[in-house]
2 protein chains.
Amino acid sequence: MTHKSAITIKDVAQAAGCGVATASRVLNNSGSASADVRERVETAARDLGFSFSAIGRALQSRRSMTIGCLVPSLANPVFAEAVQGVQAELQGSGYQLLISCSNYDEAADDAALEMLLSKDTDALIATMVAPERSAALQLAGRRGIPVALMFHDPMEGFVTSYVDNVEAAREVARQFARLGHRRTGFLALRFSTSDRSRNRYAGFLAECRAGGLPDPALIEIGEAEARQPDRLAVILGQHPGLTAIFASNDFLAIALQNAARLLGWRVPQDMSVAGFDGIEIGRLLEVPLATIETSPEAMGRQAARLLLERLQGGAPVQPPALSFHFRAGATLAPPTPGKGDDGRVAAQPPSAPPAETAQQG
Amino acid sequence: MTHKSAITIKDVAQAAGCGVATASRVLNNSGSASADVRERVETAARDLGFSFSAIGRALQSRRSMTIGCLVPSLANPVFAEAVQGVQAELQGSGYQLLISCSNYDEAADDAALEMLLSKDTDALIATMVAPERSAALQLAGRRGIPVALMFHDPMEGFVTSYVDNVEAAREVARQFARLGHRRTGFLALRFSTSDRSRNRYAGFLAECRAGGLPDPALIEIGEAEARQPDRLAVILGQHPGLTAIFASNDFLAIALQNAARLLGWRVPQDMSVAGFDGIEIGRLLEVPLATIETSPEAMGRQAARLLLERLQGGAPVQPPALSFHFRAGATLAPPTPGKGDDGRVAAQPPSAPPAETAQQG
DNA sequence: TTGTATGCGTTATCAT
DNA sequence: ATGATAACGCATACAA
């Protein structure tokens, strides 16, 4: 086949026997043109298989029609879904998505954002390790480039699409307390490069205290333990007496149940478990996972929408937190008397209705 | 701190008191320049916070340093991981990733690819609904734009990064047969917009026949059934007598077990189940899922590598299929005598060693 | 070694 | 209604 080095509007104009300006006007439906020349230009463009060069356009219009997106990793379904949401919302807007991953590395984070900026993206959407410390993020703000954050709590100078991690975590603590649990734990990835995890712990801790419960045991594990049930079991065994554990995400919650099984503990009879995120697989498990259901996809959509509005001249507005939803699942039960009850027999709270559902938004 | 309109190399040249060509040479380390002016240019660039405009560069060099990537959806972890692999491999290469999703829609597929092309991407990497019917894909080939496919079988004119679905499915059939299963089934999404699923069925069917087994029952379900265990259970109930089912992906395999449970069938005692993909969660389940383990991440990396090599002038080379690995898990067992054995008591095959593992590559 | 001028593909301006 | 031309930011051939 003929190696056709891209044909430009100049070729079209020549074929149509008119000036490039006229061809441009016709092809863009801007300005006016006689039906005659309009026809000639259109057929010429069709015949030659002409298509605009986005680069030429970008150079002249000073807009790349490109939006940069930075997330820690696409291997994490939560982020992948969020990006999917962004992508979906951008469909038909004319904007294309330029993506980059930091792999949870703070330095890579900043570098990636800088790279995105240098690509002349018209807007930025990001989930970072440490947005408050990112020079590139500040730079974007100063340059007047619209920025939307995802998953992060509201931050001075930037709009963000997020769920209230603290409040959601409090809800979990309330559910635990309602069932009569006192000795609880919080399971998280060590070196958790995430303010999300921190906020969840903070909320959980705060509500435990508010409810008069002892402080939860903080169980931090590494990636290795999260993937190897036997290793996690060892760690879990070092925390006897806990009757309910809140894992900072669903994946950990599932791994946790696996480890518990190795110790001969049944869920929820011997230990209650709750997760966070609401990944779909959780619903399909033999024992459906109790969790805070969120919608990363909606988060991505909202972030994209915020950006599009700003790109159309709107002022930046910080929307309220997205709603979450407590899903009871089947991994929650009252603690078994005699286990982890500080030596006393755990009394069933006076009136504990069956685990219900909580909305917030 | 209102950074005005971006500063260009012209500003740098002016500040450094030299011509733009000299500034360009210094900043690109091309050509020669006196230590004197070199110093002035560099400090000027630093002081002004100069950075190149990717667009200006692209226009002049005819290369956008951008690679387009099309996948059906990022909500599917298999594709998300593949993109993550692409992304990882592209790190530091100077190329950025432009992504788009088709949502399994063939028309959107072609349109998205066209859009990517119109963005002047230097190369394309895609997983499509019907690559063999995509006009945009052909166009890319004709234009001489390097293209790499992912997940697809080798196709005339394009290189692809893939696993041999047919061979992998045969392996599953062999495992079933080894355990003594005869009445088997293949579970897939109806309207499965995927040659992967078709190839898996073909391989499964072929090996069943080769092994003298009856043809497997083809069980096609819709999205709704896949997400609602009770509905899937109804369908499953319509196929009594099956002792082993091969689901075309792990997600379906998990949903399948859920449905079986509702029918009171135990896995693997009453029914064996195998999946495909090897998603991580499968290993963490109470009953670890038997599956064909693949690495979408490796697939993405390979595809990206193929592209980078071509962009550096290399000739297109089709690499061999990526290896897969049969993971025995715990969802496989010999059929229970008296169930689904065509009326005869299923004989244990003469020498059935414990389920082992098969490599291919 | 350095600067000037040109062209990359497009649109906006301004004549005609 | 139409077309010639000037940007846009950059790299480079060519001249100095």
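The structure contained in this document is the topic of the report that follows. Within any chain, residue numbers begin from 1 and follow the written order of that chain's sequence. As they are written, the chains are lettered A onward and the ligands numbered 1 onward, keeping that order. Reporting in this predicted model follows two pLDDT cut-offs: at least 70 for local features of residues, and 80 or more for side-chain atom pairs to be given and counted; totals over whole chains, interfaces and linings ignore these cut-offs and use all residues. Side-chain measures here rest on the full set of heavy atoms in the structure, leaving out hydrogens and waters.

Only a single heavy atom is needed: when it lies within 4 Å of a molecule or strand, its residue is near that molecule or strand. Taken together, 26 residues form the shell around DNA strand D, and within it T22, S32 and S34 of chain A together with I9 and R57 of chain B come nearest. Here DNA strand D approaches the protein such that, of its atoms within 4 Å, sugar and phosphate make up 68%. Between a phosphate oxygen of DNA strand D and a side-chain N or O atom of S24 of chain B, the distance comes to 3.1 Å. In the analysis that follows, any N or O atom pair within 3.5 Å is treated as a polar contact, provided that within protein one partner can donate a hydrogen and the other can accept it, and provided that, for residues neighboring in sequence, both atoms belong to side chains. Within the backbone of S53 of chain B, a nitrogen or oxygen atom sits 2.8 Å from a phosphate oxygen of DNA strand D. Helix and strand assignments come from DSSP, with helices taken as H or I runs of at least 4 residues and strands as E runs of at least 2, each series counted from the N terminus. Listed by contribution, the elements that provide at least two residues to the surface near DNA strand D are α2 (20-28) and α4 (54-61) of chain A together with α2 (20-28) and α4 (54-61) of chain B. The element best represented in the surface near DNA strand D is α4 of chain B, accounting for four residues. Each residue belonging to the surface near DNA strand D can be placed in one class, and the counts come to 10 nonpolar, 13 polar and three charged. Residue polarity follows a fixed list, in which Ala, Val, Leu, Ile, Met, Phe, Trp, Tyr, Cys and Pro are nonpolar, Asp, Glu, Lys and Arg are charged, and the others, Gly among them, are polar.

Looking now at the sheet that holds strand β1 (residues 66-71) of chain A. Within the open sheet, the 10 strands sit side by side as β5(A)-β4(A)-β3(A)-β1(A)-β2(A)-β2(B)-β1(B)-β3(B)-β4(B)-β5(B). Their pairing is mixed. Both outer strands of the open sheet, β5 (159-161) of chain A together with β5 (159-161) of chain B, are each paired with one neighbouring strand and no more. Adjacent strand axes in the sheet meet at a mean angle of 25°, parallel and antiparallel pairs treated alike. The criterion for strand pairing is that DSSP finds at least two bridges linking the strands in question. With six bridges joining them, β1 of chain A and strand β2 (residues 96-101) of chain A adopt parallel strand pairing. Among the inter-strand pairings, I67 of chain A is bridged to a residue of β2 of chain A, identified as L97 of chain A. Lines fitted to C-alpha atoms define the axes, with helix axes restricted to the stretch in contact, and inter-axis angles between N-to-C directions lie between 0 and 180 degrees.

Okay, the environment of V71 of chain B next. All names here are of chain B. Within the secondary structure, V71 is located in strand β1 (residues 66-71). Here V71 falls in the buried class, since its relative accessible area comes to 2%. Residues V71 and C101, spaced 30 residues apart in sequence, show a C-alpha to C-alpha distance of 5.1 Å. By the convention used here, residues are in contact when the closest approach between their heavy atoms is within 4.5 Å. Ignoring any residue separated from it by four or fewer positions in sequence, one finds V71 in contact with F79, V83, S100, C101, S102, T127 and M150. Each residue is assigned to one of three classes by its accessible area relative to the maximum for its type, calculated with a 1.4 Å probe on protein chains only: buried under 20%, partly exposed between the two thresholds, exposed over 50%.

The next point concerns the protein's contact with DNA strand C. What surrounds DNA strand C is a group of 27 residues, the closest being I9 and S53 of chain A together with T22, S32 and S34 of chain B. Taking all atoms of DNA strand C within 4 Å of the protein, the share assigned to sugar and phosphate is 70%. At 2.8 Å from a phosphate oxygen of DNA strand C is found a side-chain nitrogen or oxygen belonging to S24 of chain A. At a separation of 2.7 Å, a sugar or linking oxygen of DNA strand C approaches a polar side-chain atom of R62 of chain B. Among the elements of the structure, α1 (9-16), α2 and α4 of chain A together with α2 and α4 of chain B are those that each provide at least two residues to the surface near DNA strand C. Considering every element that reaches the surface near DNA strand C, the biggest residue donor is α4 of chain A, with four residues. For the surface near DNA strand C, a count of residues per class yields 10 nonpolar, 13 polar and four charged.

Residues and elements named next belong to chain B. It is the contact of helix α8 (residues 165-179) with helix α9 (residues 195-210), at a shortest axis distance of 7 Å, that shows an interaxial angle of 45°. With respect to their mutual orientation, α8 and α9 come out oblique. Taken as a pair, α8 and α9 cross one another with a handedness that is right-handed. Contact residues: N165, V166, A169, R170, V172, A173, R174 and F176 in α8; R196, N199, R200, G203, F204, A206, E207, C208 and A210 in α9. The scheme is simple: roughly parallel for angles under 35 degrees, roughly antiparallel for over 145, roughly perpendicular for 65 to 115, oblique for anything else. Take the far helix as your reference; a near helix turned counterclockwise from it by less than a right angle gives a left-handed crossing, and one turned clockwise gives a right-handed crossing.

At the interface, 52 residues of chain A touch 52 residues of chain B. Simply put, the buried area is the total loss of 1.4 Å probe accessible area from both parts when two parts are fitted together. Interface area for chain A against chain B, summed over the two sides, is near 5000 Å², with a carbon-plus-sulfur share of 57%. When residues of chain A are sorted by the area they lose upon contact with chain B, I55, Q96 and L284 of chain A head the list and together hold 14% of the total. Salt bridges are defined as contacts in which a side-chain nitrogen from Lys or Arg sits within 4 Å of a carboxyl oxygen from Asp or Glu. Here chain A is connected to chain B by four salt bridges.

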